[in-house]
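The residues making up each chain are set out below.
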Amino acid sequence: MRAFTKSLTVLLSLSAFGFTSYMLYLLLKKDNEDDLLDNYVQTSKHKTMEITIPKAVVRSLIGRNGSNIKRFQEQSNTRINFRSQEDKQDTICVIRGTVDACDIAYSLIQEFINNQPVINSEDLWIPAAFVKNIIGRGGEKISEINTVSGAKVNVRNEQRGLSSARLQLVGTCEQINVAKSLIGEIVEQCNLEKESMQKRLAKREPRQPSKLIDPVQEIDSPKYERLSPVPGQEDNQIEVYVSAVESPAKFWLQIVGPKAVELDYLLNDMTEYYSKPENQHIHILDEVNAGDLVAAIFPYDNKWYRAEVLEVNDSPEGKTATLHYVDYGDGAVLPCKDLFELRTDFLTLHFQAIECFLARVDPRWDTWSDEAINLFEQWCHVAQWKKVSARINGYTVKEKVRAKREGSPVPGVDLYDVTNNGDIDVAEELVKAGFAVFKKGSDLRSNSRNTSTSNVSEASSVS
């Protein structure tokens, strides 16, 4: 039984040796030094040699479980240990043995160090909007770049709100060049996609807005697109179009981006489809009720849009419906017979009109005057598809307006008309013109903006 216990102890000691050997080589304790000195006969044929080793190389020099150092010791018949130096970038390698043995060990270690690749670090700046493409879903893309290139790519965001982001590339010159090439391909593809999107958006024609109808009921659909900043960067600006205006206290935005392009394609398909009488016949509505989603023409451009019925009224000519165009925010009154069922696939895209209010200001009088509304429309380029910059600056809670649909927070935004001569703060301009007053606690200028437009806008010029 005692023999079995002794054998078990030896086996456990051997399994633990691989784990502890690495730490023993990294830090040489004083007790170890004393033991080693006792093991050597102090004669003129033995000596102790010290070599300064960069800390970055120590792990590779030791090897997994000390494999490299063991090999050097066996080849040179020496004992090799390490002694750390506090607050220094180097580690002391201590070699003990005969003069000739120490020289052999020294040569082996120097040869190993000289053959190690030179590790460099290089910064690469890319448009901040493209960082998500570099990282990929779940980090898949950046992991692929690291694997293919052999370099280590880190995303550094020291300062939020900038239009460009810093990537740190660590590796050999060759590895860094491969990583830069892979990243460059992704950035180039993103730029091409952005350029293509901007060309499509530039083809948008001005949409003559109707004067908004003050409905008895507002519709708050759970499928509306939401206005939100980049996660973790609450002060970012967002490029938007102002699609419809009732007053500075109530207007609608569309976010500039891929969804706007999708909307254009959707409306083109709807116009082509519902312009054909045979298709209209398929989607005739037997009854129209408040809350229905319908396909409806816009009387000012004869194109077909998605709309929601706010209310239904009787008239001498028949029933009419008060409509809210869910992708633009404006409205119209049309005969119910001219409304048609929406094809299911036309409902996949979220409604693009986002209701907002102008933050920081109230009307100078009880309500917004027509002059104030006209100026506001002018500065916001309503329905003209000129980009303006928006920044979220608070929310207000919209009350529940229908039994089957809950209210949702309405964002207050600061709006800026971006011009070659500088940015026009719309709220400040209304105050200067005498049509508005700053709310209590908001009588100073809005916080200085990091960029004139959103990250998506400026990023394309930084590559």
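A short tour of the structure in this document, coming up. (Residues numbered from 1 in each chain as written. Predicted model: local features only at pLDDT ≥ 70, side-chain atom pairs only at ≥ 80, totals over all residues. Heavy atoms only, no water.)

Considering the sheet that holds strand β11 (residues 320-325)
Filter applied, for reference: What makes two strands pair is DSSP finding at least two bridges between them. Where helices and strands are cited, they refer to DSSP runs of H or I of at least four residues and of E of at least two residues respectively, numbered from the N terminus.
Here we have five strands laid out as an open sheet, ordered β12-β11-β10-β9-β13, and antiparallel in their pairing. The outermost strands of the open sheet, each flanked by one partner alone, are β12 (331-335) and β13 (340-341). Bridge count between strand β9 (residues 293-298) and strand β10 (residues 303-313): six bridges; the pairing is antiparallel. The partner of alanine 295 across the bridge, within β10, is arginine 306.

Section: the sheet that holds strand β6 (residues 164-171)
Applied cut-off: What counts as an axis is a line fitted to C-alpha atoms, over the stretch in contact for a helix, and the angles between N-to-C directions run from 0 to 180 degrees.
With antiparallel pairing, three strands are arranged side by side in an open sheet as β4-β6-β5. On the outer flanks of this sheet lie β4 (120-127) and β5 (152-156), each paired with one strand and no other. Direction aside, the axes of adjacent strands within the sheet are offset by 25° on average. Both β4 and β6 contribute to a ladder of eight bridges, which runs antiparallel. Residue pairing in the sheet places tryptophan 125 in a bridge with arginine 166 of β6.

Side note on the packing of aromatic side chains
We count it as follows: Pairing of aromatic side chains here covers Phe, Tyr and the six-membered ring of Trp, requires ring centres within 6.5 Å, and sorts the geometry by plane angle: under 30 degrees stacked, over 60 edge-to-face, intermediate tilted. For each residue, the accessible area found with a 1.4 Å probe, counting protein chains only, is set against the maximum for its type, and the residue is called buried under 20%, exposed over 50%, and partly exposed in between. In this scheme, the term charge over a ring applies when either NZ of a lysine or CZ of an arginine sits within 6 Å of the ring centre and within 35 degrees of the ring normal.
Tallying each qualifying case throughout the model produces 14 aromatic pairs. On the basis of an interplanar angle of 55° and a centroid distance of 5.3 Å, the ring pair of phenylalanine 298 and tyrosine 300 is categorised as tilted. The class for phenylalanine 298 is buried, based on a relative accessible area of 0%. For the ring pair tyrosine 305 and tyrosine 325, a centre distance of 6.0 Å and an interplane angle of 80° mean the geometry is edge-to-face. Taken together, the residues tyrosine 305 in strand β10 and tyrosine 325 in strand β11 connect sequence positions 20 residues apart. Pair check on accessibility: tyrosine 305 and tyrosine 325 agree, each one buried. The aromatic ring of tyrosine 273 is capped on one face by arginine 343, whose charged end is 4.4 Å from the ring centroid.

Structural notes on the pairing of β11
Across the six residues of β11, six count as buried, placing the element largely inside the fold. Side chains of β11 alternate between two faces, with Thr320, Thr322 and His324 and Ala321, Leu323 and Tyr325 buried alike. Sheet topology places β10 next to β11; six bridges connect them, and they run antiparallel. For valine 312, the partnering residue across the bridge sits in β11 and is alanine 321. Bridge count for β11 against β12 is five bridges, and the pairing is antiparallel. Paired with leucine 323 across the strands is alanine 332, a residue of β12.

Some details on the nonpolar core
What counts is decided by this rule: Nonpolar cores were defined as sets of buried Ala, Val, Leu, Ile, Met, Phe, Trp, Tyr and Cys residues, with membership established by side-chain atoms within 4.5 Å. By definition, residues are in contact when any of their heavy atoms lie within 4.5 Å.
Core analysis: the largest hydrophobic core is formed by 30 residues, its most contacted members being Met270, Tyr274, Ala296, Leu323, Tyr325 and Leu339. Sorting the residues of this core by element identifies α9 (258-274), β9, β10, β11 and β12 as the ones contributing at least two each. If one sorts the elements of this core by residue count, α9 sits on top with six residues. Apart from the residues within four sequence positions on either side, alanine 296 is in contact with Lys303, Trp304, Tyr305, Ala307, Leu323, Tyr325, Leu334 and Leu339. Among the nonpolar cores identified, the runner-up in size contains 29 residues, and Ile354, Leu358, Val382 and Val413 belong to it.

Description of α9
Threshold: Helix span, expected: 1.5 Å multiplied by one less than the number of residues in the helix.
Taking 1.5 Å per residue, 17 residues should reach 24 Å; α9 reaches 24 Å between its end C-alpha atoms and fits that length. For α9, the set of buried residues is Ala260, Val261, Leu263, Asp264, Leu266, Leu267, Met270, Thr271, Tyr273 and Tyr274.

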